[in-house]
Amino acid sequence: MPTNILMPALSPTMEKGNLARWLKKEGDKIKSGDVIAEIETDKATMEYEAVDEGTLAKIVVPEGTQDVAVNSVIAVLAGEGEDVKAAASAVKTAPAKASEKKVEAAPVSSPRQETARAPTQPAQKPAPAAGERSPQAAHGNRVFSSPLARRLAKEAGIDLGRVQGSGPHGRVIARDIDVAKSGKGLRAPAVGGPQGVAVTPAMSDQQILSLYEPSSYELVPHDGMRRTIAQRLTASVQTVPHFYLTIDSHIGKLLAAREEINAAAPKDKDGKPSYKLSVNDFVIKALALALQRISDANVSWTEGGMLKHKHSDIGVAVALPGGLITPIVRSAESKSLSAISNEMRDLAARARARKLKPQEYQGGTSSVSNLGMYGIKDFTAVINPPQSTILAVGTAEERAVIRHGKIEAAHIMSVTLSCDHRSVDGALGAELIGAFRTLIENPVMMVV
């Protein structure tokens, strides 16, 4: 019996992915463990290994296809002795194996298929004027929409209640979601807040576009990474009560130690040093040790209780074209500075190539965001849930300071700790950033 090859869930939260490339072609023999395709999520590109053996009878989803739902059929495998052509022709009716994981996902289809079945509709209707009731509003909070439209809206991170429907009686259909992805056909968010508090609605996309001449801009649709970042950070600032603590650290000893350590690094036969420490490597190590010293701050908030972490898993923000990602140095408190440096160099390189595995960027107990290389003196960073803290690091610069009644020049670095007030109170946050300063100002304590 033919076996369906399904779009895999490469992380617990993955709902869709892009089929970047097929590494096998129709008619190829497949063995268990063979890498047959590359799947791209919003964060990384990963290899897909075959589980079963047989012949690749039919590729259902061609390479380059985007937004393929998890558990959708992407190819069909003919078993040993099976007729390959018969297996390929049965692609639409071949059931998934009983052992394959089931999730609530619609089969692969396109908006064109749905709209072809619907009656001919007029062109996209403009958003209703202020005070005008939409078809959805006329029926309370219920939004009339097709199953495919609901799935597409969920995958794209679009609020279905804001989409202007063009189907019968204002029903939202797939092509409305396609229009919404380009920034059109969206209503302003509903006015009204908790307990009757008035909320000023955000400007709709149409209102924003109306402020500019059509020829004066280019509309670039958001990709999956940018939508994910927007959703997560919006949720963070809306649900996590942030507060901020800023201190200045004297890093003269650190800079001297860094120069001395790098100069003493062993070199290979080509003269390449085995490591090259950066200031950020010291920051990662100092934060990891500070979290061990102030263990009550090494936590994550859940509604059922506080997660007290045993290790300091430090995420480090890495800039990518169109976004960022935070690969994690696991158990950073127990690793040497040189090990942290080499691990971060590898993680950053694979992050920029989108080759990280989900376990390499998901979770973590705290994070570091360093904009010092851009000359930024200080800033505040948004917490990355479920973490409770994030350290924003500014540039190291020479400043005039007073020591023993005399004005002297010193290398100062400003850092700001963002804290989740649900899990880290002000005094606790102050203890944590104080422990960090003690370590960063006395780097010898990191190697004891």
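Note that the coordinates shown come from a computational prediction; the quantities given were computed from them, not determined experimentally. (Residues numbered from 1 in each chain as written. Predicted model: local features only at pLDDT ≥ 70, side-chain atom pairs only at ≥ 80, totals over all residues. Heavy atoms only, no water.)

Caption draft 1: Local environment of the side chain of Glu 360. With respect to the helices, strands and loops of the structure, Glu 360 is situated in the loop between α9 (337–352) and β16 (366–370). On the basis of relative accessible area, Glu 360 is assigned to the buried category, the value being 18%. For Glu 360, the side chain forms a polar contact with the side chain of Arg 350, separated by 2.7 Å. (Helix = DSSP H or I, 4+ residues; strand = E, 2+ residues; numbered from the N terminus. Buried < 20%, exposed > 50% of the residue type's maximum accessible area, 1.4 Å probe, protein only. Polar contact = N/O pair within 3.5 Å; in protein donor to acceptor, adjacent residues only side chain to side chain.)

Caption draft 2: Fine view of the pattern of salt bridges. In total, this model carries 12 salt bridges according to the counting rule given. Between Glu 38 and Arg 21 there is a salt bridge, with the nearest N and O atoms lying 3.0 Å from each other. You can see Glu 38 sitting in strand β4 (residues 35–40) and its partner Arg 21 sitting in strand β2 (residues 16–22), a full 17 residues away along the chain. Residue classification places Arg 21 among the partly exposed residues on the basis of a relative accessible area of 39%. For Asp 346, the salt bridge goes to Arg 350, with nearest N and O atoms at 3.1 Å. Taken together, the positions of Asp 346 and Arg 350, both in helix α9 and four residues apart, correspond to about one turn of that helix. Assessed through its relative accessible area of 39%, Asp 346 is described here as partly exposed. Overall, the relative accessible area of 23% leaves Arg 350 in the partly exposed class. One salt-bridge network, held together by shared partners, links Asp 248, Glu 397 and Arg 399. (Salt bridge = Lys/Arg side-chain N within 4 Å of Asp/Glu carboxyl O.)

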